[in-house]
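Listed below are the residues making up each chain.
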Amino acid sequence: MLRFTLVLLLSLLYLLSPVTHAKKRCKSLLTKLHNIQAMQRNGYSSTRGRSLRAREDKARDKWWQCEQGRGKKAKKKSRKKRASKKVQHSAKADKKKHSSRKQTSVGSPFRTSNAIVIKSNYQGDKKRAWLRYYQQPSRCQRPNNLQVFAFCSEDKQKQRASFEDNYSIVGDAQ
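Residues numbered from 1 in each chain as written. Predicted model: local features only at pLDDT ≥ 70, side-chain atom pairs only at ≥ 80, totals over all residues. Heavy atoms only, no water.

Novice: I keep staring at the overall build of the chain and nothing clicks. Help me out?
Specialist: For the chain, the helix and strand inventory stands at 5 helices and 0 strands. Counting from the amino terminus, helix and strand elements in the chain follow one another as α-α-α-α-α. Burial status across the chain gives 13% buried among its 174 residues. For the chain, the share of sequence-separated contacts (at least 6 apart) that also reach a separation of at least 24 residues comes to 51%. Of the roughly 15800 Å² that the chain leaves accessible, carbon and sulfur atoms contribute 56%. (Helix = DSSP H or I, 4+ residues; strand = E, 2+ residues; numbered from the N terminus. Buried < 20%, exposed > 50% of the residue type's maximum accessible area, 1.4 Å probe, protein only. Contact = heavy atoms within 4.5 Å. Areas by Shrake-Rupley, 256 points an atom, 1.4 Å probe, with all protein chains shown as cover.)

Printed below as a string of C-alpha cells:
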C-alpha cells in the first residue's frame, strides 16, 4: 500500500510539474495581454485604437499558443502568413501604380473629378415658399442624440406634408 501511494504521488508530481512550469512560462504573456487591455480602457485616438487592437490580438495569440503548448509550430505558420501578406501587399502596390488617376474605387466616393450636384425637393417659387413656411425647432439646430434627430426628421416630414397640402390649395386658387 505504501509503494502504491508513493508511485501514485511520484506520477502526479511528474504529470503536474510540466503544467505548472508552462503556467509560469505563460504568466508573463498573460500579464502583457492584461496591460494592453488596460491601455485600451483609457482614451485614445482612432489610429492608436487600431494599433492597440493589433497588439492585443498578437498578445492574445501568443498567450494562447503558450497555454496550448504550441509555441514553435505556431511560429512557423505565422512566418508563412507574413510572407504571403508581403506578396499580397506588393501585388496591390503594383496595381495602384498601373491604374489611372481618373479611375475611382467603389469604396472612395470623394476621389472624383466629376461635379457634385445637390438637388432640392423644390425649385423656384415653391422653394422660396417652403423656406418661408418651414420652422425648424431650436433643438434641431444641433441634435445631440438619435432620439432628437428622429424627432427632427419626423417634424420636417410633417411640416412638408402640411406645406404640400397648403401649397396645392394656394396653387389651385391662383
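Novice: Any chance you could explain the state of the cysteines here in plain terms?
Specialist: Defined simply, a disulfide is a covalent bond joining two cysteines at their sulfur atoms. All chains considered together, the criterion is met by 2 disulfides. Disulfide pairing places Cys26 opposite Cys66 at an S-S distance of 1.8 Å. An S-S torsion of about -90 degrees defines the bridge between Cys26 and Cys66 as left-handed. With Cys26 in helix 1 (residues 2-40) and Cys66 in helix 2 (residues 46-68), the pair connects residues that are 40 residues apart, well separated along the chain. Each member of the pair, Cys26 together with Cys66, is buried. The disulfide that involves Cys140 links it to Cys152, with 2.0 Å between the sulfurs. Disulfide Cys140-Cys152: the torsion about the S-S bond is -95 degrees, which places it as left-handed. Placement of Cys140 in the loop between helix 4 (124-133) and helix 5 (146-173) and of Cys152 in helix 5 is noted, with a sequence separation of 12 residues between them. Going through the chain in sequence order and numbering each bonded cysteine, the pairs you get are 1-2, 3-4. (Disulfide = S-S within 2.5 Å.)

Novice: Looking at this model, I keep getting lost on the environment of Glu56. Mind explaining?
Specialist: Assignment of secondary structure puts Glu56 in helix 2. Since its relative accessible area comes to 8%, Glu56 is described here as buried. Residues within four places of Glu56 in sequence aside, it is in contact with Leu33, Ile36, Gln37 and Gln40. A polar contact is formed between the side chain of Glu56 and the side chain of Gln40, at a distance of 3.2 Å. (Polar contact = N/O pair within 3.5 Å; in protein donor to acceptor, adjacent residues only side chain to side chain.)

Novice: Is there a simple way to explain the packing of aromatic side chains in this structure?
Specialist: Each aromatic ring pair is summarised here by two numbers: the centre-to-centre distance and the angle between the ring planes. In this structure the tally under the stated criterion is 8 aromatic pairs. Centre to centre, the rings of Tyr122 and Trp130 are 5.8 Å apart; their planes meet at 50 degrees, and the pair counts as tilted. For the pair formed by Tyr122 and Trp130, the shared burial category is buried. Among the aromatic residues, those joined into a cluster by ring pairs are Tyr122, Trp130, Tyr133, Tyr134, Phe163 and Tyr167. For the cation-ring pair, Arg139 lies above Phe151, with the distance from its terminal atom to the ring centre recorded as 3.9 Å. For Arg160, the ring lying beneath its charged end belongs to Trp130, and the centroid distance is 5.1 Å. (Phe/Tyr/Trp six-rings, centres within 6.5 Å; stacked < 30°, edge-to-face > 60°. Lys NZ or Arg CZ within 6 Å of the ring centre and 35° of its normal.)

Novice: Can you help me understand a positive patch on the surface in this one?
Specialist: A cluster of basic side chains, namely Lys32, Arg48, Arg55, Lys58 and Lys62, defines a positive patch on the protein surface. If you trace the backbone, Lys32 turns up in helix 1. In this structure Lys32 comes out as partly exposed when scored by relative accessible area, which is 46%. (Patch = residues over 30% accessible without salt bridge, like charges linked within 9 Å, V, L, I, M, F, W, Y side chains within 5 Å. Salt bridge = Lys/Arg side-chain N within 4 Å of Asp/Glu carboxyl O. Lys, Arg positive; Asp, Glu negative; His and termini not counted. Charge placed at Lys NZ, Arg CZ, Asp CG, Glu CD.)

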